[in-house]
Amino acid sequence: DLGPSGEGLRAGRLSGTGSAGYDGVLRSDMRLPEMQFKGKGQSLVAAASSGTLVVGGSAVKLGWNMPRMVLRGSGEVLQAEQLNLHFDVQNHATGMGALALDVATLKGASFNARGLHLSTETWQRADRMDMRLTQSVKELRAADMAVEDVVLQADVTNLHAPSVNSAREVLSATCGLRSLTPGQREKMRDAVQALLVSGVSVGITKLQARTRDGSLDADVALTVAPAKARELQLAEQLSSQGSIQIRGGLMPPDQKEFAVSSGYATALPDGVKAGFDYRDGVLKFNQKTADSALLNLGLQRLDMWLNAFFSGQNLELPQ
């Protein structure tokens, strides 16, 4: 409860009903009364909420609904309506599963957002792991700006799962690498090396936004192919590609003219598009070969530094 100074946490008791099935699955329907927190010039009020928890073997599912939450502090008020949290983990030991948070409306002094969504997904295929992060908002208004259908989706695929688990163990045991023993340092180094040697792909698979004046659509990907040997050869392993389309009046005419005349973009009836591709040491913009000598030289020097680091040498990072 709130102390004599008026600061602290005030909350009722969590209550609910539960059941246990013959299959070993535990289920609980829970309710939490309104909560209030005050301290250091800030206050938080969370309306009464409810949810369901299901536990079976290594799987955990949680669904929680809160109709309203208000945060005050520094003269600002942040109000959220209809918060829904969904947690579905197939294996709590490895973290494989999905997490999603949806907020119907979010209001502040200088902005108003509708239809917010944040989700993460992690799944495993044999000894490989894939992850996806998605952020989106149906409508965002701030000052004179109005944006709709904003989506950012990022993927990390083909991760070497044993190396990820090894790195996770070191991070957990050292509080985020704050204190490393020689053995833990070597274990983390081996895990990072195995990740890069085994290959991985990272990218923003979707970036989009719409306004009254036009739209933006873009994507970019970077892939490190499996190495032929234990040593890295990024100049050979690395490939990357990306594209962008800007339509409507988002790009002023003079900027559009310059982008097209310079060869970095191609004109569309209502905008411009551009793209790049790098593979096998060759860099192209809009399918036109560019000078990639400096990029290849940088990758070769990075190869030398990384391979020396993985062998236990302490070298300065190349410029």
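Here the structure is a predicted model, which means the values were calculated and not measured.

Procedures and definitions
Numbers given for residues are sequential positions, taken from 1 along each chain in its written order. Whole-chain, interface and lining totals are the exception, using all residues; otherwise, since this is a predicted model, local features are given only for residues with pLDDT of at least 70 and side-chain atom pairs are given and counted only at 80 or more. Each side-chain value is derived from all of the structure's non-hydrogen atoms; neither hydrogens nor water enter the calculation. Counting from the N terminus, the helices are DSSP H or I runs at least four residues long and the strands are E runs at least two residues long. Values of the radius of gyration come from C-alpha atoms, whereas the globule rule sets the reference at 2.2 Å times the count of residues to the power 0.38. It only takes one pair of heavy atoms within 4.5 Å for two residues to be counted as in contact. Methods summary: accessible areas were calculated by the Shrake-Rupley approach with a probe of 1.4 Å, and residue burial reflects only the protein chains presented. None of His or the chain ends enter the tally, which takes Lys and Arg as positive and Asp and Glu as negative. By convention, the point assigned to a charge is CZ for Arg, NZ for Lys, CD for Glu and CG for Asp. Between buried and exposed lies partly exposed: a residue is buried under 20% and exposed over 50% of the maximum accessible area for its type, with that area taken using a 1.4 Å probe on protein chains only. In protein, a polar contact means a hydrogen-donor-capable atom and an acceptor-capable atom, both N or O and within 3.5 Å, with residues adjacent in sequence counting only if both atoms are side-chain atoms; elsewhere, any N or O pair within 3.5 Å suffices. Criterion used throughout: strands pair if DSSP finds at least two bridges between them.

**Student:** Just checking my understanding: could you explain the overall build of the protein for this structure?
**Tutor:** Secondary structure assignment for the protein yields five helices and 19 strands. Its C-alpha radius of gyration of 25 Å places the protein more than 25% over the 20 Å reference for a compact globule of 319 residues. A principal-axis box enclosing the C-alpha atoms of the protein has dimensions of 70 × 55 × 45 Å. Within the protein, residue pairs in contact and separated by at least 24 positions form 45% of the contacts whose partners lie at least 6 positions apart. Of the accessible surface of the protein, which amounts to about 19,500 Å², a share of 57% is contributed by carbon and sulfur atoms. Taking the average location of the 33 positive side-chain charges in the protein and that of its 33 negative ones, the two points are 4 Å from each other.

**Student:** What is the right way to look at the environment of Val54 in this model?
**Tutor:** Here Val54 shows up in strand β6 (residues 49–56). Look at Val54 and you get partly exposed, because its relative accessible area is 22%. Considered as a pair, Val54 and Val25 are 29 residues apart in the sequence and their alpha carbons are 7.0 Å apart. With near-sequence residues (within four places) excluded, Val54 lies in contact with Val25, Leu26, Arg27, Ala59, Val60 and Lys61.

**Student:** What's the story with the side chain of Asn286 in this structure? I'm lost.
**Tutor:** Within the secondary structure, Asn286 is located in the loop between β18 (282–285) and β19 (288–290). Among the polar contacts made by the side chain of Asn286, one reaches the main-chain carbonyl oxygen of Tyr264 at a distance of 2.9 Å. Apart from the residues within four sequence positions on either side, Asn286 is in contact with Gly263, Tyr264, Ala265, Thr266, Lys273, Ala274 and Gly275.

**Student:** Explanation requested: unusual backbone geometry in the structure shown.
**Tutor:** Where the residue is not glycine, phi is negative for most of them; where a peptide bond is considered, it is trans in most cases. Backbone geometry places Ala126, a non-glycine residue, at a positive phi of 55 degrees. For Ala126, the location among the structural elements is in the loop between β10 (111–125) and β11 (128–142). Non-glycine residue Asn158 carries a positive phi angle of around 70 degrees. Here Asn158 shows up in strand β12 (residues 145–160).

**Student:** Would you take a moment to explain the environment of Ser15 for this structure?
**Tutor:** One can find Ser15 in strand β2 (residues 15–20). Classification of Ser15 as partly exposed rests on a relative accessible area of 35%. The spacing of Ser15 and Phe276 is 261 residues in sequence and 57 Å in space, taken between C-alpha atoms. The contacts of Ser15, once residues within four sequence positions are left out, are Asp29, Met30 and Arg31.

**Student:** Honestly, the pairing of strand β5 (residues 42–46) in this entry has me stumped. Any pointers?
**Tutor:** Side chains on a regular strand alternate between the two faces of the sheet. The sheet contact formed by strand β4 (residues 35–39) and β5 spans five bridges and is antiparallel. Counted as the bridge partner of Gln36 is Val45 from β5. In this structure, the hairpin formed by β4 and β5 is closed by a connection of two residues, where Lys40 is found at a positive phi of approximately 55 degrees. Where β5 meets strand β7 (residues 59–73), five bridges bridge the pair, whose relative direction is antiparallel. Its bridge partner being in β7, Ser43 is matched across the sheet by Arg72.

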